[in-house]
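# Structural characterization, general
In case you want the letters, here they are:
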2 protein chains.
Amino acid sequence: MAKPKVKRAPGPRDEALSRDRIVAAAIELLDSVGDDGLTFRALAAHLATGAGAIYWHVASKHDLLAAASDAVVARVLAAIASHATPRRAIRNIAVGVFEAVDAHPWLGPQLARGPWQTATLQIFERIGRQVQALGAPDRAQFTAASALVSYILGVSDQNAANGRMLAPAVDRATLLASEAARWNALDPDAFPFLRKVAPQLRKHDDRDELLAGVDLILAGIAAAR
Amino acid sequence: MAKPKVKRAPGPRDEALSRDRIVAAAIELLDSVGDDGLTFRALAAHLATGAGAIYWHVASKHDLLAAASDAVVARVLAAIASHATPRRAIRNIAVGVFEAVDAHPWLGPQLARGPWQTATLQIFERIGRQVQALGAPDRAQFTAASALVSYILGVSDQNAANGRMLAPAVDRATLLASEAARWNALDPDAFPFLRKVAPQLRKHDDRDELLAGVDLILAGIAAAR
DNA sequence: ACCTGAACACCGTTCAAGT
DNA sequence: ACCTGAACACCGTTCAAGT
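A brief report on the enclosed structure follows. (Residues numbered from 1 in each chain as written. Chains lettered and ligands numbered in written order. Predicted model: local features only at pLDDT ≥ 70, side-chain atom pairs only at ≥ 80, totals over all residues. Heavy atoms only, no water.)

### Points about the overall build of chain A
Helix and strand counts for chain A come out as ten helices and zero strands. For chain A, the α and β elements follow one another from N to C terminus as α-α-α-α-α-α-α-α-α-α. The C-alpha atoms of chain A give 22 Å as radius of gyration, which overshoots the globular expectation for 225 residues (17 Å, by more than 25%). If you line up chain A on its principal axes, its C-alpha atoms span 85 × 45 × 25 Å. Counting all 225 residues of chain A, 48% fall into the buried class. (Helix = DSSP H or I, 4+ residues; strand = E, 2+ residues; numbered from the N terminus. Rg over C-alpha atoms; globule rule 2.2 N^0.38 Å. Buried < 20%, exposed > 50% of the residue type's maximum accessible area, 1.4 Å probe, protein only.)

Okay, structure coming up:
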């Protein structure tokens with residue numbers, strides 16, 4: 001007897017395995033258990049399947065991480081309003097990426113894997129369009145967009161590194177205070193500058209610093225015109 | 001009978017194990033075999049000792065990588081002439097870090113591990129001093145130095161990611177050409193900007209772009225004064 | 001104090017075998 | 001076509017035992 005064509009609608013628990021389901025589960029795992037909590041065994045358990053099954057849909061762990069990054073970045077960029085002045089749009093994208101990396105600390109190293117992967121490309125494109133809208137001369141647009149992207153990814157990753165390494169219990173203020181104290185305790189001959197700005201480290205706001213840096217670059221772009 | 005106080009001078013092959021020797025060997029291994037070529041077993045073989053012995057001098061692989069980064073960064077910064085105008089000094093530091101990360105691709109992710117490790121601190125200090133010499137107002141110095149450091153680390157890591165992923169046989173020109181072709185083949189509706197600047201991607205010089213970005217930030221700092 | 005090397009508890013990935 | 005699960009070839013780290 002032929003199998004009936006009509007299958008019952010699959011519930012969320014027994015849906016067929018698919019690349020999308022695997023990527024979604026990977027993101028969940030990455031977010032909850034952290035960078036090296038993502039294991040093919042754990043992932044398989046989460047998906048109620050065998051570890052080897054995943055390889056039918058995904059080439060490697062590298063591939064899986066890239067796909068997870070793409071998905072998160074696409075989602076974040078889609079949520080950013082684009083009807084704003086170029087300057088505001090650039091600031092919005094910066095904050096969006098920054099917050100995404102902050103919320104998904106595993107994303108930082110991933111975006112640092114270079115401008116050849118889709119995730120970084122998406123960011124580059126979005127920033128680039130706004131640089132164009134800014135009225136920068138044609139030959140300066142690539143440079144300006146590159147600088148902005150490198151800067152944004154750089155700050156985001158630096159910032160997320162804190163959360164990646166730190167005990168989740170420690171809050172930001174305590175962390176900054178203890179770190180400022182460490183800067184103050186540095187050898188005065190070797191680290192005069194860090195000692196001097198230690199109070200500013202303690203009081204600074206990450207988002208404000210990010211935007212200040214973006215503004216610095218934007219001012220530079222404007223000055224070059 | 002008491003052991004004689006005078007030991008024969010140890011040769012390079014049978015010197016006692018030490019943190020410094022371990023770190024030096026790790027750097028060698030990292031440079032020659034790449035990021036995941038560094039293994040406690042390989043390292044032990046290289047040092048003609050047991051894998052467990054290394055743990056007497058080094059707390060963990062994390063610790064070892066941090067120490068390797070410190071060593072490389074310290075060496076690089078020491079080689080940079082500091083008697084120059086602040087602007088030139090900043091450019092020199094940027095190029096120095098960029099080239100170090102390029103030569104030691106494993107260093108990029110390491111420096112991205114956040115501003116709490118010595119390696120990043122060293123760079124921050126050196127940049128900061130020059131920002132100070134630039135005459136930036138006190139309360140802007142932390143922000144300006146942060147922005148420069150984040151940018152420099154960001155570009156360096158992005159750039160090194162190419163070499164990390166690529167077959168070593170492929171040269172830069174071929175890589176850029178094929179990547180520019182990929183940008184050109186992107187969906188025109190989704191990626192108009194990248195398609196437009198694809199020719200600039202093909203022709204660009206990494207070092208020039210780095211310095212152009214630094215200049216953008218410096219111009220921003222100057223404009224804010 | 002320092003080193004050895006086996007052992008532990010994992011990994012990512014492959015692959016014969018199933019349906 | 002897709003999934004299973006054992007097996008392979010590794011890891012970082014620990015630790016009793018040696019010197």
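### A word on unusual backbone geometry
Residues and elements named next belong to chain A. Phi angles above zero are rare outside glycine, and A48 is one such case at about 55°. Position of A48 among the secondary structure elements: in the loop between α2 (40–46) and α3 (61–78). Residue A48 is classed as exposed on the basis of its relative accessible area of 64%.

### Examining the protein's contact with DNA strand C
Neighbouring residues of DNA strand C: 16 residues in total, closest R41(A), Y55(A), K61(A), T49(B) and H57(B). Sugar plus phosphate: this is where 56% of the atoms of DNA strand C within 4 Å of the protein reside. Residue F40(A) places a main-chain N or O atom 3.2 Å away from a phosphate oxygen belonging to DNA strand C. Contacts to DNA strand C include G50(B), whose backbone N or O atom sits 2.9 Å from a phosphate oxygen. Broken down by class, the residue content of the surface near DNA strand C amounts to six nonpolar, seven polar and three charged. (Near = heavy atom within 4 Å. Polar contact = N/O pair within 3.5 Å; in protein donor to acceptor, adjacent residues only side chain to side chain. Nonpolar A, V, L, I, M, F, W, Y, C, P; charged D, E, K, R; others polar.)

### Things to note about the relation of the copies chain A and chain B
Each of the two chain copies can be generated from the other by rotation about an axis followed by a shift along it. With an RMSD of 0.0 Å, the fit of chain A onto chain B corresponds to turning through 180° and sliding 0.0 Å along the axis. Here the symmetry operator amounts to a two-fold rotation axis. (Least-squares fit on C-alpha atoms with pLDDT ≥ 70 in both.)

### So, the packing of helix α1 (residues 19–33) of chain B against helix α3 (residues 61–78) of chain B
Residue and element names in this part refer to chain B. The N-to-C vectors of α1 and α3 enclose an angle of 85°; their axes lie 9 Å apart at closest approach. Between α1 and α3, the angle is such that the two are roughly perpendicular. Where α1 abuts α3, its residues R19, I22, V23, A26, I27 and L30 lie against D63, L64, L65, A67, A68, A71, V72 and R75. Of the residues contributing to the contact of α1 with α3, the split by class is eleven nonpolar, no polar and three charged. (Axes fitted to C-alpha atoms, helices over the stretch in contact; angles between N-to-C directions. Parallel < 35°, antiparallel > 145°, perpendicular 65-115°, else oblique. Contact = heavy atoms within 4.5 Å.)

### Examining the nonpolar core
Among the nonpolar cores identified, the biggest contains 139 residues, and L43(A), I127(A), W183(A), L43(B), I127(B) and W183(B) are the most heavily contacted of them. Apart from residues no more than four positions distant in its own chain, L43(B) is found in contact with I22(B), A25(B), A26(B), L29(B), L38(B), I54(B) and L64(B). (Core = buried A, V, L, I, M, F, W, Y, C linked by side-chain atoms within 4.5 Å.)

### So, the pattern of salt bridges
Charged atoms that come close allow side chains of opposite charge to pair. Per the stated rule, a full pass over the model turns up 16 salt bridges over all chains. As a salt-bridge pair, R87(A) and D215(A) come within 3.3 Å of each other at their nearest N and O atoms. Of the two residues, R87(A) is situated in helix α4 (residues 86–103) and D215(A) in helix α10 (residues 206–223); the sequence distance between them amounts to 128 residues. Owing to a relative accessible area of 39%, R87(A) belongs among the partly exposed residues under this scheme. Two residues, R207(B) and E99(B), come together in a salt bridge whose shortest N-O distance is 3.0 Å. Pair noted here: R207(B) is in helix α10 (residues 206–223) and E99(B) is in helix α4 (residues 86–103), with a separation of 108 residues, a long-range link. With a relative accessible area of 33%, R207(B) lands in the partly exposed category. Since its relative accessible area comes to 37%, E99(B) is described here as partly exposed. Beyond isolated ion pairs, a larger network of salt bridges with shared partners links R87(A), R91(A) and D215(A). (Salt bridge = Lys/Arg side-chain N within 4 Å of Asp/Glu carboxyl O.)

### Structural notes on the packing of aromatic side chains
The geometry of an aromatic ring pair is captured by the separation of the ring centres together with the interplanar angle, meaning the angle of the planes. With the rule as written, the count across this model stands at eight aromatic pairs over all chains. Ring geometry for F124(A) versus W183(B): centroids 5.5 Å apart, planes at 75°, classification edge-to-face. In this pair, F124(A) sits in helix α6 (residues 118–133) while W183(B) sits in helix α8 (residues 172–184), so the two residues belong to two different chains. The pair formed by F124(A) and W183(B) is uniform in burial state, with each residue classed as buried. Seen in terms of ring centroids, F193(A) and F124(B) are 6.5 Å apart; in terms of plane orientation they differ by 35°. Their pairing is tilted. Residue F193(A) is located in helix α9 (residues 192–203), and its partner F124(B) is located in helix α6 (residues 118–133); the two belong to separate chains. Residue classification places F193(A) among the buried positions, given a relative accessible area of 0%. An aromatic cluster of three or more residues is present, and its members are F124(A), F142(A), W183(B) and F193(B). (Phe/Tyr/Trp six-rings, centres within 6.5 Å; stacked < 30°, edge-to-face > 60°.)

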